[in-house]
Amino acid sequence: LVTLAEAIDSKYHGQVLRSTVQILTTSDTPFEIPSTARIKKVATLKGMMNKGDAVQWNINDFPDSVFLLTGANKARTEDVIRSNMRLGSEKGVVVDVFDRDVVWVCQVADVGAGYEDMSELTVYCVGCHPAQGKKYTLTYLRSTDIARGTVALIADQMEDALDDISTFEINEDTKASLVYGMHSEGDVATRISRRATAVRGLLGYECDETLITLIDLTFNTVEAFDYGNNKNVRGYMDNLVIGESRIGKSDTAKHLRDVYNVGAFVSLAGSSSTIAGIVGGTVKDGVGRNSTRAGVIPRNHKSIIVFEELAKAKEDIARSLTDVRSSGVARITRVNGSVEMPASLRMLTLSNPRCLPTGESRPISEYSNGLEITRELIGASEDIARYDLILVSEGGNTETDPLYDAPEPFPDKVLQDLVRWVWRRKPTDVKFLNGSEFLIRDKAKELNETYPMHVKLFGTECWKKLARLSIAAAAYVVSTD
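Owing to the predicted nature of the structure, the values given are computational and were not obtained by experimental measurement. (Residues numbered from 1 in each chain as written. Predicted model: local features only at pLDDT ≥ 70, side-chain atom pairs only at ≥ 80, totals over all residues. Heavy atoms only, no water.)

**Student:** Could you give an account of the nonpolar core, naming the residues involved and the relevant values?
**Tutor:** Core analysis: the largest hydrophobic core is formed by 57 residues, its most contacted members being Ile215, Phe219, Phe225, Val241, Leu348 and Phe432. Element by element, the count of residues in this core is highest for helix H15 (residues 462-476), at eight residues. In this structure, Ile215 is in contact with Val241, Lys249, Thr252, Ala253, Leu256 and Leu348, ignoring residues within four places of it in sequence. Residues Ala264, Ala313, Met347 and Leu377 belong to the second largest nonpolar core, which totals 29 residues. (Core = buried A, V, L, I, M, F, W, Y, C linked by side-chain atoms within 4.5 Å. Buried < 20%, exposed > 50% of the residue type's maximum accessible area, 1.4 Å probe, protein only. Helix = DSSP H or I, 4+ residues; strand = E, 2+ residues; numbered from the N terminus. Contact = heavy atoms within 4.5 Å.)

Okay, here's the thing in structure tokens:
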């Protein structure tokens, strides 16, 4: 079992290896290649064979021929088979194919590889059909694509990958982490503050506590929950932070993402950010045909993505993000139709206010209220209403004290266990006790009556937003039996 980054090493050439990978692209149509064939002499012509002689050919004896046979026409296929058997110049022979295999050509990367720096390899999946964006453990022959001279893999076994999220279980070791993170004294606000304060120990400076809390709560959300007669309600939070530069937005999110070791961090600014990279698109596969590529969003289905630089994003990127947030599906347009990939995930978006025509941001203090800033950045009211929480922050005192005595952070292992515990909870594991469902319902009604706004910050789904926040708060203070 090696990573793809390790498999590139030439010392592994010709060896059978295993790697846990994520499928980035897969060919839109399958290829078919022969798996067994027979070469028979049918004419009395001088050569290595006599009339009536026959030899058997099997792809397993010539695995590198997969590269030459994939996409080959009938004449080329027969040439490859004859060449394998050293009968390329033999006259008076025919090639009969008995059995065939289906081949899918894919691009793969190591699971967890960074969005910008992942190295990709081409894999020819023989007899197995991988799905875009999914994670698998492949058993493959590490080889070289004869026609192109590139490192390529031939896989004939594929099984769903098990990562440390799906394999997390409650045992004495992980119970110790839960007990460490459990705050049993004080009210909920005090207990949340205690954990957020510990994050400052990761940062090493006195970042705004509200900023830390909103960012960290986004990580600590469940996949789904049940509420009254409503089953499998989305539990993932979709939050937005708008703030001045240098207040710690990105630093806090990056530190938590790195410590939790989950998800991706993606910049929406500049030419490097494209719909194909973010959502997905059509590219050429290893043999030059159209292939569907999963973007960073479907590749992080059920995980988390932190987006930054929303104010600098191109209009089509922002529109595509809105579509994904609305539907939980990444729609990729292809020449022969579109394909949909599941894309339900936690989203945290970080941004400065919208830039002025001069390229500078208008200071937050010059706006009359936070909604004005949000509308200028996001635009449509319905797009604003989709967010669960929006924080507009000047960040308080942004000066860094070089002698700041940072509090002791939680150990990395504890933080990783806490997030994995939350992410593994099923809807039946989320319990609303002591009439809290009714309290959430009543507070949602009260908010809508108090703020009858055109921009539906609360609206008909206010109860869902309050429920998500309540569940995240319970997870954050490890409220469990």
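Now that the structure is up, let's keep going.
**Student:** Describe the side chain of Asp383, with residues and values.
**Tutor:** Topologically, Asp383 is positioned in helix H12 (residues 381-385). Take Asp383: its relative accessible area is 13%, and that puts it in the buried class. In terms of polar contacts, Asp383 uses its side chain to reach the side chain of Arg386, at 2.4 Å. (Polar contact = N/O pair within 3.5 Å; in protein donor to acceptor, adjacent residues only side chain to side chain.)

**Student:** Could you give an account of the sheet that holds strand E11 (residues 264-267), with specific residues and numbers?
**Tutor:** The strand order across the open sheet built from five strands is E11-E14-E17-E10-E18, with neighbouring strands paired in parallel fashion. The open sheet has two edge strands with one neighbour each: E11 and strand E18 (389-393). Between one strand and the next, the sheet's axes are offset by a mean angle of 15 degrees, whatever the strand orientation. When E11 meets strand E14 (residues 304-308), the two strands line up parallel, connected through four bridges. Within E14, the residue paired with Ala264 across the bridge is Ile305. (Pairing = 2+ DSSP bridges. Axes fitted to C-alpha atoms, helices over the stretch in contact; angles between N-to-C directions.)

**Student:** Give a description of the pattern of salt bridges that names residues and reports values.
**Tutor:** All told, the structure shown has 24 salt bridges when counted by the stated rule. The salt bridge partner of Glu172 is Lys175, with a shortest N-O separation of 3.8 Å. You can see Glu172 and its partner Lys175 sitting in helix H4 (residues 172-181), three residues apart, about one turn around the helix. By relative accessible area, Glu172 is classed as exposed at 63%. Owing to a relative accessible area of 40%, Lys175 belongs among the partly exposed residues under this scheme. The residue Asp383 makes a salt bridge to Arg386 at a minimum N-O spacing of 2.4 Å. Residues joined in a network through salt bridges with shared partners are Asp173, Lys413 and Asp417. (Salt bridge = Lys/Arg side-chain N within 4 Å of Asp/Glu carboxyl O.)

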